[in-house]
Amino acid sequence: MPREFTRSDRVSDAIQRLLAQLIPQEIRDPRIGMVNINDVTVTRDMAFAKVYVTFVGNDSDEQGVEGARRLNGAAGFLRTLLAKEMNMRTVPRLQFLYDKTAIRGQELSNLIDRAVADDKARHHDESDGEA
């Protein structure tokens, strides 16, 4: 029997979709830039939501942490906008967290690609030496 989605899963998905629309439209801070919302987790009692974000074009972790701090400053405003869009008695409090897993994943993928290319080059050189 397939696993049913819990209410907190459905609320998480709804918050993620709405924030992806609201942040570019309503947050006018140019220091934030483009935001990717990687994941939203909501507690079972629907009191708190952790929003994991990355920022397009940021070069350092410090810029990402600063962007998350700025979004946390606007969390109350965003929560108010969510309350207008969602049909819930209470909307969870938002906490934005900088998520560097996507960036780390890309770095690891690049390392693996480089290792595979080096291995192929070494294998190709060895087969040329035998002939």
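Residues numbered from 1 in each chain as written. Predicted model: local features only at pLDDT ≥ 70, side-chain atom pairs only at ≥ 80, totals over all residues. Heavy atoms only, no water.

Side note on the packing of helix H1 (residues 7-26) against helix H3 (residues 75-85)
Point 1. At a closest axis distance of 10 Å, the pairing of H1 and H3 adopts a crossing angle of 120 degrees. Between H1 and H3, the interaxial angle falls into the category oblique. In the crossing of H1 with H3, the sense of the turn from one axis to the other is right-handed. Residues Ile-15, Leu-18, Leu-19, Leu-22, Ile-23 and Glu-26 of H1 form the contact with H3, whose own contacting residues are Phe-77, Leu-78, Leu-81, Leu-82 and Glu-85.
Point 2. When the residues that make up the contact of H1 with H3 are grouped by side-chain class, the tally is 9 nonpolar, no polar and 2 charged. (Axes fitted to C-alpha atoms, helices over the stretch in contact; angles between N-to-C directions. Helix = DSSP H or I, 4+ residues; strand = E, 2+ residues; numbered from the N terminus. Parallel < 35°, antiparallel > 145°, perpendicular 65-115°, else oblique. Left-handed = near helix turned anticlockwise from the far one by under 90°. Contact = heavy atoms within 4.5 Å. Nonpolar A, V, L, I, M, F, W, Y, C, P; charged D, E, K, R; others polar.)

Remarks on the nonpolar core
Point 1. The biggest cluster of nonpolar side chains holds 30 residues, and the ones touching the most others in it are Ile-15, Leu-19, Leu-78, Leu-82, Leu-94 and Phe-96.
Point 2. If you list the elements that add at least two residues to this core, you get H1, strand S1 (35-42), strand S2 (48-55), helix H2 (61-73), H3 and strand S3 (93-98).
Point 3. Considering each element in turn, this core owes the most residues, 7 residues, to H1.
Point 4. Residues within four places of Ile-15 in sequence aside, it is in contact with Val-40, Val-42, Ala-49, Leu-82, Met-86, Pro-92 and Leu-94. (Core = buried A, V, L, I, M, F, W, Y, C linked by side-chain atoms within 4.5 Å. Buried < 20%, exposed > 50% of the residue type's maximum accessible area, 1.4 Å probe, protein only.)

Some remarks on H2
Point 1. The end-to-end C-alpha distance of H2 is 18 Å, a good match for the 18 Å that 13 residues give at a rise of 1.5 Å each.
Point 2. Every buried residue of H2 is listed here: Gly-64, Gly-67, Ala-68 and Leu-71. Buried residues along H2 cover an arc of 100 degrees about the axis, so they all sit on one side. Exposed positions of H2 whose direction lies more than 90 degrees from the buried face are Glu-62, Arg-69 and Gly-73. (Expected span 1.5 Å × (residues − 1). Arc of directions from axis to C-beta.)

Side note on the pattern of salt bridges
As a working rule, side chains carrying opposite charge can pair if their charged atoms are close by.
Point 1. Across all of its chains, the model carries 4 salt bridges by this definition.
Point 2. Where Arg-31 meets Asp-29, a salt bridge forms, and the shortest distance between an N and an O atom there is 3.0 Å.
Point 3. According to the relative accessible area criterion, Arg-31 is exposed, its value standing at 57%.
Point 4. Of the charged contacts in the structure, one is a salt bridge between Arg-70 and Glu-66, with a shortest N-O distance of 3.0 Å. Highlighted residues: Arg-70 and Glu-66, both in helix H2, separated by 4 residues, approximately one helical turn.
Point 5. Looking at Glu-66, the relative accessible area reads 27%, which means it is partly exposed.
Point 6. Within this structure, Glu-66, Arg-69 and Arg-70 form a network of salt bridges that share partners. (Salt bridge = Lys/Arg side-chain N within 4 Å of Asp/Glu carboxyl O.)

A closer look at H1
Think of an α-helix as turning once every 3.6 residues; residues three or four places apart then point the same way.
Point 1. Taking 1.5 Å of rise per residue, the 20 residues of H1 would be expected to cover 28 Å, and the 27 Å separating its terminal C-alpha atoms lies within 8% of that figure.
Point 2. A maximum bend of about 25 degrees is found in H1 at Leu-19.
Point 3. Of all the residues in H1, the buried ones are Ser-8, Val-11, Ser-12, Ala-14, Ile-15, Leu-18, Leu-19, Leu-22 and Ile-23. (Bend = angle between axes of the 7 residues up to and from the residue.)

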